Every structure is written in C-alpha cells, then in structure tokens.
Amino acid sequence: MKKLIGAFVFYARFALPFSRIGYRRRVRAPLAADFSGQRWVVTGATGGIGRAIALGAAARGATVLALARDKAKLYALARDARGPGRIEAVQVDLSLMRDLRRVAGEIAAQGRVDVLVHNVGVMLHEYGRTDEGAERSFATNLLGHWVLDAALREAGALDARSAIISMSSGGMYGAALALEQLEAGDAATHDGFLAYAQHKRAQVELTKHWNALGPDAPKAWVMHPGWVDTDGVRSSLPGFRKVFGRVLRNADEGADTALWLAAVRPPVGEGIWLDRQRDPEHAFGFTREGADAQALAAWLAERAARA
Ligand SMILES: NC(=O)c1ccc[n+]([C@@H]2O[C@H](COP(=O)([O-])OP(=O)(O)OC[C@H]3O[C@@H](n4cnc5c(N)ncnc54)[C@H](OP(=O)(O)O)[C@@H]3O)[C@@H](O)[C@H]2O)c1
C-alpha cells in the first residue's frame with residue numbers, strides 16, 4: 001500500500017513536466033549551436049536519446065565518437081549522420097571495465113575530448129553479472145561512467161575546457177543514495193527499478209564530486225530527459241508506456257538539454273537540468289538523508305580498484 005501511494009504521489013507530481021507537454025511549455029526555440037572543431041564522446045549512442053545527441057552534435061559540426069556494442073547499429077548511425085560534422089563508430093561493451101580502459105586509452109591517444117556525454121543507462125529486472133563479476137546494471141549505469149571518466153582524465157583527454165554531461169533520470173527523485181544498494185550481491189536482493197533509481201541519484205552526487213576537483217578539471221552537469229519513447233522504455237517499462245505512451249517525448253526532445261548544456265555551459269552548481277532549466281535535486285525530504293558526493297566517490301574508487 002505504501003508503495004502504491006508513493007507511486008501515485010510521484011506520478012501526480014511529475015506526469016506533466018516530464019511529458020512532451022512539459023517540454024513544449026519550457027523549450028520555445030530550436031537550438032542554434034556550432035560545435036565545429038569539437039570532439040565528442042557519447043556513450044549508448046545507438047539508442048533513442050544517445051543516438052539523437054550524437055546526430056544532433058554531428059549536425060552542428062562535431063566529430064562524435066559513438067560508443068555502443070552493436071556493430072550494425074553503430075554503422076547505421078554513422079551512415080545516418082548529416083554534416084557538417086561526422087560520427088565515428090567505437091564498438092565497446094560499456095559494462096566491462098577492461099574494455100572501457102582500453103577504449104579510453106585509444107581515444108586519448110588521438111587527442112583531447114571537448115564533450116563527454118555519459119548517456120548509457122539500463123534498467124534490468126533480471127539479475128546478472130558481467131564476466132568481471134559486477135552486477136550488470138550497476139556496471140553499465142555507474143561503475144563504467146566512473147572508470148571511463150577516470151581513464152580519460154588520467155590519459156589527459158579531459159581538461160578544463162572539456163564538458164561532462166551525465167544523463168540521469170527523474171526516477172532519482174524517489175531515491176536517497178544508499179551505497180549498499182548500488183550493487184546487489186544476488187538475485188534475491190536485486191530490484192531492477194530500485195537499483196536504477198539509486199544509480200540515477202548517484203549520478204547527481206558524482207557530478208558534485210567532479211565539480212569539486214578544482215579549476216583544472218572539466219566542468220560537469222547532470223540532466224534528465226523527461227519521459228522519452230525509446231527501446232529502453234519499451235523493453236523495461238511496458239506498463240508505464242501503455243499508460244503514458246501518448247504523452248511521451250520523442251528522442252530529439254529528450255536529447256535537447258544535453259546539446260543545449262554543451263553549447264551554453266551554464267554555471268555549475270546544485271541542481272539537475274531539464275528542458276534547459278535547473279530544477280531542484282530533491283522533491284521529497286527523505287532523499288536528502290542519503291550518502292553524499294564524497295562518500296560516493298570514495299566508495300566508487302575502492303570498487304573500481306577491484307574491477
Ligand atoms: N527513455 C526515457 O524515458 C528515459 C528517462 C529517464 C532517463 N533516461 C536515461 O537516458 C539514457 C538513454 O536512455 P534511452 O531510453 O535512450 O535508452 P535505450 O533506448 O535503451 O538505449 C540505450 C543505449 O545504450 C546501449 N547500451 C546498453 N547497454 C550497453 C552496454 N553494456 N554496452 C554498450 N552499449 C550499451 C544500447 O545498445 P543496445 O541497442 O546494444 O542495447 C543503446 O544504444 C539512459 O541513461 C536512461 O537511463 C531515459
């Protein structure tokens with residue numbers, strides 16, 4: 001019953017702003033931006049929102065390194081790119097830390113990165129582990145972001161001129177960060193929905209950690225796309241899609257704020273971006289009680305050292 005009331009309160013609060021009606025109310029003008037000469041890295045770039053970010057950046061002049069695992073989808077994406085920029089396919093399993101470290105080295109060897117979009121994210125209801133032993137959604141949604149980011153920094157590909165944009169979710173409004181819930185140890189304790197909300201809340205704290213690294217570090221922003229009709233929603237939330245299908249955003253609408261952040265680079269600070277505006281990080285008091293950025297970073301550093 002408590003869960004049901006929680007869900008009702010959540011949807012009553014967010015259905016309008018997260019829908020395409022919310023997007024159309026807040027975003028009035030198409031984005032005019034020129035990313036010519038910039039080198040972007042976009043993870044999960046063959047899916048709905050990541051694909052729209054990659055195509056949107058290339059259309060505005062960027063060279064986009066598109067990271068995803070499916071070769072055919074990657075080549076289709078590169079083919080669909082409309083200039084003046086272009087898309088280069090980088091095949092990698094974003095849940096595997098050894099592959100991420102390798103790819104980061106290869107990217108860094110070719111030069112610096114202007115914009116890194118940590119877009120990849122999955123909601124996995126079924127429990128599973130990668131061959132490195134990490135729970136799969138945790139590895140994809142959080143540990144991989146940390147490892148890719150750290151490896152690119154260490155290799156000198158990210159500097160004070162770079163921008164980091166993380167794709168969180170409005171689902172994080174329902175979670176107080178609990179480090180022990182980031183990675184379930186077995187199927188009995190895995191709840192795909194709750195794990196996803198934790199990972200998405202963690203991205204908000206991680207952004208604060210990155211912004212506390214000093215003036216020589218890249219600036220970071222965290223955003224969410226609202227509710228967008230993508231393959232991810234189709235496969236992970238079919239019931240939700242059935243109810244809200246008619247008001248879901250399209251992928252370009254979900255991608256808009258990432259492109260806008262990269263173009264405008266507003267002052268960093270607390271908050272999560274949606275539709276080119278900074279929204280509060282907390283909508284319910286209980287989520288303020290969670291672990292903070294410092295605790296998360298220490299925890300992730302220790303976990304990454306074992307990965
Ligand atoms: N859609 C929404 O309403 C919504 C709402 C809030 C937040 N978000 C967030 O927005 C981001 C994008 O969501 P989406 O709905 O566009 O997702 P999506 O349709 O599921 O696309 C995800 C992309 O990530 C790739 N991917 C997944 N696991 C991978 C792995 N291990 N290695 C390499 N690539 C992998 C997928 O490739 P494959 O095709 O090979 O699986 C696909 O390209 C996610 O972080 C999501 O949490 C989405």
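Residues numbered from 1 in each chain as written. Predicted model: local features only at pLDDT ≥ 70, side-chain atom pairs only at ≥ 80, totals over all residues. Heavy atoms only, no water.

*Asks:* I'd like a rundown of the site of the ligand, residues and numbers included.
*Replies:* The ligand sits among 31 residues. The nearest are Thr 46, Lys 73, Asn 119, Tyr 196 and Thr 230. Separating an oxygen atom of the ligand from a backbone N or O atom of Ile 49 is a distance of 2.9 Å. For the ligand, whose accessible area on its own is 900 Å², the fraction buried by protein is 90%. Of all the elements in the fold, those that place two or more residues in the shell around the ligand are helix H3 (48-59), helix H7 (192-211) and helix H8 (231-236). A per-element tally of the shell around the ligand places H8 first, with 3 residues. Classifying every residue of the shell around the ligand by side-chain character gives 12 nonpolar, 13 polar and 6 charged. (Near = heavy atom within 4 Å. Polar contact = N/O pair within 3.5 Å; in protein donor to acceptor, adjacent residues only side chain to side chain. Areas by Shrake-Rupley, 256 points an atom, 1.4 Å probe, with all protein chains shown as cover. Helix = DSSP H or I, 4+ residues; strand = E, 2+ residues; numbered from the N terminus. Nonpolar A, V, L, I, M, F, W, Y, C, P; charged D, E, K, R; others polar.)

*Asks:* Report on unusual backbone geometry, specifying residues and quantitative values.
*Replies:* The omega torsion of the bond from Gly 83 to Pro 84 falls at 15°, within 30 degrees of zero and hence cis. Its place among the elements puts Pro 84 in the loop between helix H4 (71-80) and strand S3 (86-91). Look at Arg 265: it is not a glycine, yet its phi comes out positive at around 45°. For Arg 265, the location among the structural elements is in the loop between helix H10 (251-264) and strand S7 (272-274). The class for Arg 265 is partly exposed, based on a relative accessible area of 29%. Located in the positive-phi region is Arg 276, a residue other than glycine, with phi close to 65°. Note on placement: Arg 276 falls in the loop between S7 and strand S8 (277-279). The class for Arg 276 is buried, based on a relative accessible area of 17%. (Buried < 20%, exposed > 50% of the residue type's maximum accessible area, 1.4 Å probe, protein only.)

*Asks:* Tell me about a nonpolar patch on the surface, and please be specific about residues and values.
*Replies:* On the surface, Ile 5, Phe 8 and Val 9 cluster together into a nonpolar patch covering about 310 Å² of accessible area. Along the chain, Val 9 falls in helix H1 (residues 2-18). (Patch = residues over 30% accessible without salt bridge, like charges linked within 9 Å, V, L, I, M, F, W, Y side chains within 5 Å. Salt bridge = Lys/Arg side-chain N within 4 Å of Asp/Glu carboxyl O.)

*Asks:* Describe the pairing of strand S5 (residues 163-167), and please don't skip the residues or the numbers.
*Replies:* Within S5, 5 of the 5 residues are buried, which leaves the element mostly enclosed by the surrounding structure. Residues of S5 alternate between two faces, with Ala 163, Ile 165 and Met 167 on one and Ile 164 and Ser 166 on the opposite face, all of them buried. The sheet contact formed by strand S4 (residues 115-118) and S5 spans 4 bridges and is parallel. If you follow Val 117 over to S5, its bridge partner there is Ile 165. Each parallel crossover has a hand, and for S4 linked through helix H6 (residues 136-154) to S5 it is right-handed. Bridge count for S5 against strand S6 (residues 219-223) is 5 bridges, and the pairing is parallel. Pairing of Met 167 across the sheet is with Met 223, part of S6. (Pairing = 2+ DSSP bridges. Right-handed = clockwise from strand over helix to strand, strands pointing away.)

*Asks:* Outline the side chain of Asp 279, supporting the account with residue identities and numerical values.
*Replies:* Within the fold, Asp 279 resides in strand S8. Residue classification places Asp 279 among the buried positions, given a relative accessible area of 16%. In terms of polar contacts, Asp 279 uses its side chain to reach the side chain of Arg 26, at 2.9 Å. Apart from residues no more than four positions distant in its own chain, Asp 279 is found in contact with Arg 26, Tyr 173, Gly 271, Ile 272 and Leu 274. (Contact = heavy atoms within 4.5 Å.)

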